[in-house]
2 protein chains.
Amino acid sequence: MTLMDEKPRPKAATLQTIADALGVHRSTVARALNAEERHRITPDVVKRVTEEAERQGYRRDIIAASLRTGKSRLVGVIVPDLANPVFSTILDGVSAALTGRSYSMLVADAGVPLGKQAEIVDALVGRRVDGLILATAMRNDPTVSFCLGLKVPTVLVNRAEDTLRASSVVADDHRGMGLAIAHLAELGHRRIAHIGGPEAVSTGCLRRQGFQDAMVSAGLGATRIVSADSYARSAGASAARQIFACWPDTTAIAAGNDLLALGALEYMRERGIGCPGEVSLTGFNDMPFIDLVDPALTTIRVPQHEMGKAAADMLLGAIEGPGRPPELQRLPVTLVVRSSSCATASGPREDRREGLPSDLLLPRA
Amino acid sequence: MTLMDEKPRPKAATLQTIADALGVHRSTVARALNAEERHRITPDVVKRVTEEAERQGYRRDIIAASLRTGKSRLVGVIVPDLANPVFSTILDGVSAALTGRSYSMLVADAGVPLGKQAEIVDALVGRRVDGLILATAMRNDPTVSFCLGLKVPTVLVNRAEDTLRASSVVADDHRGMGLAIAHLAELGHRRIAHIGGPEAVSTGCLRRQGFQDAMVSAGLGATRIVSADSYARSAGASAARQIFACWPDTTAIAAGNDLLALGALEYMRERGIGCPGEVSLTGFNDMPFIDLVDPALTTIRVPQHEMGKAAADMLLGAIEGPGRPPELQRLPVTLVVRSSSCATASGPREDRREGLPSDLLLPRA
DNA sequence: TTGAAAGCGGTACCAA
DNA sequence: TTGGTACCGCTTTCAA
C-alpha cells in the first residue's frame, strides 16, 4: 500500500527521465530523437533511446521548444464571424494548407463590432504566433498597423487595405461585379440598381466601383446605388426598400454579396415583387448552399477555400523566408448563372450570348 | 554608423529589460505586473514598473509562463469538417464561452476519413492544451480512449459515446426524431421512410432508434430504413434512390440530418417527385440558411451555438476543478415546421398508387 | 517589501 | 559520437 503511495504518479516523460533510465546525457537523448541530428549518434543508442521514449510515452514539449527557439509554429487567424459560412470555408482552406506542415491554427472571432480586435491581436501575439491571417481588414485598418508595428508576419485575406502594406489574398471583386452587370445587361436590363456593401471594407468599395465602371461602359447610368452598413440580411432588405422607393422602375438589382441579396429577396417576396419575373437579382460570393434558395441565386463565385489556402501558403512563405515585400494575390472569380436572373419583359438583346467570355456561359443550375 | 550597428534591434521587452531600466529586480517587476501580487508592492514601484512596461511595449510571454506553470490556457477543438456550418456554429459557441476568460482556441479539422485523428490529438497534446473538445466522436472511439489515457480533460460535443467515459454535450436526438415522426403522422403519413446517418456515430444511431420507436408507438411499421454511410448530400441522394426503388409508395421521408434531406430533395427534383406535394420531407439540425431552400425544410432545431458554449463551459469547469465524474448534458430540441411537409393529398390511409407495378411507379414526373 | 535563485523542458554551442 | 552547459522568459519559494 505504502509502496503505491510512494509512486502516486508516473511523472511525465522528459528528455531527462529517458536519459536517467538509460544512463546517458539528455542532450544525447535529444539528438537521438531529432531526425536532423540522429545521424551523428550510434545506431544502437538511437534504438535504445527510441524504445525507452516509446515505453515512457514521451512527447516532445512544443512549449519548451518554442521558448528556446522563439518559433511557435502557431498561426493566428482572426475572422469577423465564425458562424458565417464564407469565413468558415476560408478557415477550412487555411487549415488545409497548415495540415502536415506541423503548424497549428489559433482561431479568434473578432465579433461584429470588431471592437476587441486589438485585444485579440494582443492575446495572439502574446502567444507568440509566428504569423497572423486577418479576414477582418478595413481599407485602412489600425489593427494592420498594429501588427505591422509588431513585426509579426501578417497576411490579409478576402478583404485588403487600400495600400499594399501587408500581403493580401483577395478575389477579383471589381471584375466580378463587372461580370454580374454584363450578364444583366445582356439580358436586356438597363435600369439596374446596386446594393453596396460597407464602404469601409475593400469588397464593398471595389464591387461598387465595379458596378459603376461596368454600368458606364455599358452606356447605362450608375446612379441607383444604396450602400448597406453591414453585410447582413436585414441591411439588404432595407436597402431594397430604399431602392424601390427611389426608383420604382428598377428591373434588376446587383447586390454586394449573397447575404444582401437574400435580404433583398425577402423584401421583394414580402412586397409581392416577383423574382426573377419582375426584378432580376444577383449576389456575390456563391456561399455554401446559396444554390438552394428559391429562386436559386445567380451570383459570382469566389474561391473561398482557395483564398484561405493561398493566404496560409503566403504566410508560411513570409515566416520561413522573411524580408520579402508585400505581395497581392487576386484570385479569379466566375459568374454562376442560376434562376434569379432572366431577360426583361421587353426581351434580351438579340446578341445576348455573343462576345462574352466563356465563363459567362455556364449552364443554369 | 558603428553606433547604430551596435544597437540594431531594440530587443523585445521582458521582465529583465524593465528591471534593468528601473534598477529593480525582475521578480519585483513580475509582481508589480501581476494583479494577484501587486498588493505586496509599493504603489510607487508599481506605478513606475507599469509605466516602463508600457513604454517598452512589454507583453507577457505566455509561452514562458506556460512552461513554468504547466498550464497553457489553450483549448483544442477537433471538428470533422470546418466547412460544415453545423460545426462552425458549434465553434462559434465555443469561442463565445472562451472569450474574456483568457483562453484561446486551437482548431483542428480532422478531415473526412478521420484517419489522422491520433496525429491531431498528438499535436494538440504536444502543445500542452489544458483540455480538448471533440466534435468527432464515434460511439466507441479509440481517440477518446487515447485522450482519457493521457488524462487530458476532454468533452465530447454533438456526438457522444455509448458509454459515458467522457463528459458530453449533445442534443436530444432520440426525442427530436420522435417529434419529426409525430409531425408527419399527424399530417396523415403512414408509409414513412428514414434515411439514417452513419451507424457508428451517436446521432445516426439515436435518431434511427428514435424513428423506430416513434413509428412503433404510432402503430406504423418501421422497416423503411436506409442508412447512409456519411452525412453528405450525395449519400442522401443515393439513399433516396434506394428508398423509392424498394418502397415506391412512400409518402414521407425523415432524414437523419439536413444534408441528407438536401440530397434526397435533389434526387426527388431530378426525378420529378414533388416535395411536399407527393412526398413530405424532414431534416435534422436546422443548419444556417436551411430555411431558404425551396421548399423551406421542416426540421428539428438543434441548438448548435449553445451546445458549443455548454461544452466549453463544462470543459473549463473540468480544467479548473478536476476530478469530477463525467457528466452528460442533453440539450432540448424543437420541431420547426416549414414547407417541405404537408398533409397527404388523399387522406391518411389511402394509397392511390397501390397495385401498380413498381417499375411504373418510379418515373413519376 | 524586495532580492536571490531554482527551475519548467527543450535547443544549441563548445569541448572532449 | 557524446557530455556539459548556458540560456529562452516567467513563476515561485525562501531569505533578507
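Just so we're clear, the structure is a prediction, and the values are computed from it rather than from any experiment.

The rules behind the values
- Along each chain, the written sequence defines residue order, and numbers are assigned to residues from 1.
- Chains and ligands are labelled sequentially in the order written, the chains with letters from A and the ligands with numbers from 1.
- Side-chain atom pairs in this predicted model are given and counted only at pLDDT of 80 or more, local residue features only at pLDDT of at least 70, and totals for whole chains, interfaces and linings cover all residues.
- With hydrogens and water excluded, all non-hydrogen atoms of the structure serve as input to the side-chain values.
- The rule for a residue being near a molecule or strand is that one of its heavy atoms must lie within 4 Å of it.
- What qualifies as a polar contact is a pair of N or O atoms within 3.5 Å, subject to a donor-acceptor requirement within protein and to the restriction that residues adjacent in sequence count only when both atoms come from side chains.
- Helix numbers and strand numbers start at the N terminus; a helix is a DSSP run of H or I with at least 4 residues, a strand a run of E with at least 2.
- Residue classes follow a fixed rule: Ala, Val, Leu, Ile, Met, Phe, Trp, Tyr, Cys and Pro count as nonpolar, while Asp, Glu, Lys and Arg count as charged, and any other residue, Gly among them, counts as polar.
- Any carboxyl oxygen of Asp or Glu that lies within 4 Å of a side-chain nitrogen of Lys or Arg is treated as forming a salt bridge with it.
- Residue burial is assigned from relative accessible area. The probe radius is 1.4 Å, only protein chains are included, and a residue is buried under 20% of its type maximum, exposed over 50%, and partly exposed in between.
- Any two strands with at least two DSSP-identified bridges between them are counted as paired.
- All axes here are fitted lines through C-alpha atoms, helices being fitted over the stretch that makes contact, and every angle between N-to-C directions spans 0 to 180 degrees.
- For this analysis, residues touch if any pair of their heavy atoms sits within 4.5 Å.
- What sets the superposition is a least-squares fit of C-alpha atoms, and only residues with pLDDT of at least 70 in both copies go into it.
- Summed over both partners, buried area is the accessible surface (1.4 Å probe) that two parts give up on being assembled.
- Residue ranges for the domains trace back to a domain assignment, done automatically or taken from a database.
- Pairing of aromatic side chains requires ring centres within 6.5 Å, counting the rings of Phe and Tyr and the six-membered ring of Trp. Pairs whose planes differ by under 30 degrees are stacked, by over 60 edge-to-face, and all others tilted.
- Geometrically, a lysine NZ or arginine CZ counts as sitting over a ring once it is within 6 Å of the ring centre and also within 35 degrees of the ring normal.
- We place a 1 Å grid over just the protein atoms. Points where a 1.4 Å probe fits but has no way out form a cavity, open points with protein on both sides within 12 Å along at least 5 of 7 lines form a pocket, and any residue with an atom within 4 Å of a point lines it.
- Grid points are joined across faces, edges and corners, and a volume is the space filled by probe spheres set on the points.
- Helix span is expected to be 1.5 Å times the residue number reduced by one.

Undergrad: For the protein's contact with DNA strand D, give the residues involved together with the corresponding values.
TA: Around DNA strand D there are 25 residues in total, and A:Thr28, A:Thr42, B:Arg26, B:Tyr58 and B:Arg68 lie nearest to it. At 3.4 Å from a base nitrogen of DNA strand D is found a side-chain nitrogen or oxygen belonging to A:Ser27. Of all the secondary structure elements, the ones that give two or more residues to the surface near DNA strand D are α3 (26-33) and α5 (62-69) of chain A together with α3 (26-33) and α5 (62-69) of chain B. Looking at the surface near DNA strand D residue by residue, the classes come out as nine nonpolar, seven polar and nine charged.

Undergrad: Any chance you could break down the pattern of salt bridges for me, citing the residues and the numbers?
TA: A complete count under the given rule lists 36 salt bridges over all chains for this structure. The partner of A:Asp286 in a salt bridge is A:Arg301, and the shortest N-O contact between them spans 3.7 Å. Here A:Arg301 lies in strand β10 (residues 299-301) and A:Asp286 lies in the loop between β9 (280-282) and β10, a separation of 15 residues in the sequence. When its relative accessible area of 34% is taken as the criterion, A:Arg301 is described as partly exposed. In this structure, B:Arg55 engages B:Glu52 in a salt bridge whose closest nitrogen and oxygen atoms are separated by 3.0 Å. Here B:Glu52 and B:Arg55 lie together in helix α4 (residues 43-56), a separation of three residues that amounts to about one turn. Residue B:Arg55 is classed as exposed on the basis of its relative accessible area, which comes to 62%. The exposure class of B:Glu52 is buried, given its relative accessible area of 9%. One continuous salt-bridge network, built from bridges that share partners, spans A:Arg139, A:Asp162, A:Glu199 and A:Arg208.

Undergrad: Run through the sheet that holds strand β5 (residues 167-171) of chain B, naming residues and quoting values.
TA: Pairing is mixed across the open sheet formed by 12 strands, whose spatial order is β11(A)-β5(A)-β4(A)-β3(A)-β1(A)-β2(A)-β2(B)-β1(B)-β3(B)-β4(B)-β5(B)-β11(B). Since the sheet does not close on itself, it has two edges, and those belong to β11 (328-331) of chain A together with β11 (328-331) of chain B, each with one partner. Recorded for the sheet is a direction-independent mean angle of 20 degrees between the axes of neighbouring strands.

Undergrad: Mind laying out the sheet that holds strand β7 (residues 225-227) of chain A, listing which residues take part and the relevant values?
TA: Residues and elements named next belong to chain A. Read from one edge to the other, the open sheet built from four strands follows the order β7-β6-β8-β9, with strand pairing classed as parallel. In this open sheet, the two strands that pair with only one neighbour each are β7 and β9. The mean inter-strand angle of the sheet, taken between neighbouring strand axes irrespective of direction, is 15 degrees. With four bridges connecting them, strand β6 (residues 192-196) and strand β8 (residues 252-255) associate as parallel partners. Paired with His 194 across the two strands is Ala 254, which belongs to β8. Those strands touched by helix α9 (residues 173-186) are β6, β8 and β9, and its axis lies near 170 degrees from that of β8. The strands that helix α12 (residues 258-271) touches are β6, β8 and β9; relative to β9, the one it contacts most, it runs at about 155 degrees.

Undergrad: Go over unusual backbone geometry with me, naming the residues and quoting the values.
TA: At the junction of A:Asp294 and A:Pro295, the peptide bond is cis and its omega measures out at -5 degrees in the coordinates. Note on placement: A:Pro295 falls in the loop between β9 and β10. At B:Asn285, a position not held by glycine, the phi torsion is positive, near 130 degrees. Its location among the elements puts B:Asn285 in the loop between β9 (280-282) and β10 (299-301). A residue is classified by how much of its surface remains accessible, and B:Asn285, at 7% relative accessible area, is buried. Residue B:Phe289 is not a glycine yet carries a positive backbone phi of 75 degrees. Judged by its relative accessible area of 16%, B:Phe289 falls in the buried class.

Undergrad: Go over the relation of the copies chain A and chain B, please, and point to the residues and values.
TA: Of the transformation placing chain A onto chain B, the axial shift is 0.1 Å and the rotation is 179 degrees, giving an RMSD of 0.2 Å. Expressed as an axis order, the relation between the two copies is that of a two-fold axis. An overlap of 100% is found between the interface residues of chain A and their copies at the interface of chain B, pointing to a shared contact surface.

Undergrad: Which residues make up the interface of chain A and chain B, and what values go with them?
TA: For interface size, the figure often reported is the accessible area lost on association. In this complex, chain A contributes 45 residues to the contact, which on the side of chain B involves 45 residues. By the criterion of area lost to chain B, the three top residues of chain A are A:Arg59, A:Arg127 and A:Phe289, representing 20% of everything that side buries. On the surface where chain A and chain B come into contact, there are six salt bridges. In this structure, A:Arg59 engages B:Asp122 in a salt bridge whose closest nitrogen and oxygen atoms are separated by 2.4 Å. Every element with two or more residues in the side of chain A that touches chain B is listed here: α5, α6 (85-98), β2 (104-109), α7 (117-126) and α12 of chain A. Inspection of the sheet shows β2(A) paired to strand β2 (residues 104-109) of chain B by three bridges, in the antiparallel sense. Directly across from A:Met105, in β2(B), lies its bridge partner B:Val107.

Undergrad: If you had to explain the domain arrangement of chain A to someone new, which residues and values would you point to?
TA: All names here are of chain A. Domain boundaries assigned for chain A yield domain 1 (15-60), domain 2 (71-171 + 304-331) and domain 3 (173-298 + 337-361). The interface is formed by 12 residues belonging to domain 2 together with 13 residues belonging to domain 3. With both sides pooled, the region where domain 2 packs onto domain 3 buries about 1,000 Å², and carbon together with sulfur makes up 54% of that total. There are one salt bridge connecting domain 2 and domain 3. Across the pair Glu 199 and Arg 139 runs a salt bridge, and its minimum N-O distance is 3.9 Å. Where domain 2 packs against domain 3, one counts five residue pairs in polar contact (both at pLDDT 80 or more). For the side of domain 2 that touches domain 3, the element with the highest residue contribution is α6, accounting for three residues.

Undergrad: I'd love a proper account of the packing of aromatic side chains, names of residues and values included.
TA: Residues and elements named next belong to chain A. All chains considered together, the criterion is met by two aromatic pairs over all chains. When the centroid spacing of 6.3 Å and the interplanar angle of 15 degrees are considered together, the rings of Phe 244 and Tyr 267 count as stacked. Here Phe 244 is found in helix α11 (residues 233-246), whereas its partner Tyr 267 is found in helix α12, with 23 residues between them in sequence. Pair check on accessibility: Phe 244 and Tyr 267 agree, each one buried. The ring of Phe 284 has Arg 207 sitting right over it, with the charged end atom 3.8 Å from the ring centre.

Undergrad: Quick rundown of the protein's contact with DNA strand C? Include the residues and the values.
TA: Around DNA strand C, the surrounding shell holds 26 residues, and the nearest of these are A:Arg26, A:Arg68, B:Thr28, B:Thr42 and B:Arg68. Here a base oxygen of DNA strand C sits 2.4 Å away from a polar atom, N or O, in the side chain of A:Arg26. Secondary structure elements with two or more residues in the surface near DNA strand C: α3 and α5 of chain A together with α3 and α5 of chain B. Top contributing element to the surface near DNA strand C by residue count: α5(A), with five residues. Taken together, the residues of the surface near DNA strand C sort by class into nine nonpolar, seven polar and 10 charged.

Undergrad: How would you explain empty space enclosed by the protein if you had to name every residue and give the values?
TA: On inspection of all chains with the given rule, the structure shows two cavities of 30 Å³ or more. Estimates place the volume of the second largest cavity at around 130 Å³. Considering the residues around the second largest cavity, the lining is formed by A:Ile62, A:Ile63, A:Ser66, A:Ser72, A:Leu74, A:Arg127, B:Ile62, B:Ile63, B:Ser66, B:Ser72, B:Leu74 and B:Arg127. Those elements that provide at least two residues to the lining of the second largest cavity are α5 of chain A together with α5 of chain B.

Undergrad: Quick rundown of helix α10 (residues 202-217) of chain A? Include the residues and the values.
TA: Residue and element names in this part refer to chain A. The end-to-end C-alpha distance of α10 is 22 Å, a good match for the 22 Å that 16 residues give at a rise of 1.5 Å each. Within the span of α10, buried status applies to Ser 202, Thr 203, Gly 204, Cys 205, Arg 207, Arg 208, Gly 210, Phe 211, Ala 214 and Met 215. Of the surrounding secondary structure, the elements contacted by the buried residues of α10 are α9, β6 and β7. Immediately beyond the C-terminal end of α10, within one or two residues, lies Gly 219, with a positive phi of roughly 75 degrees.

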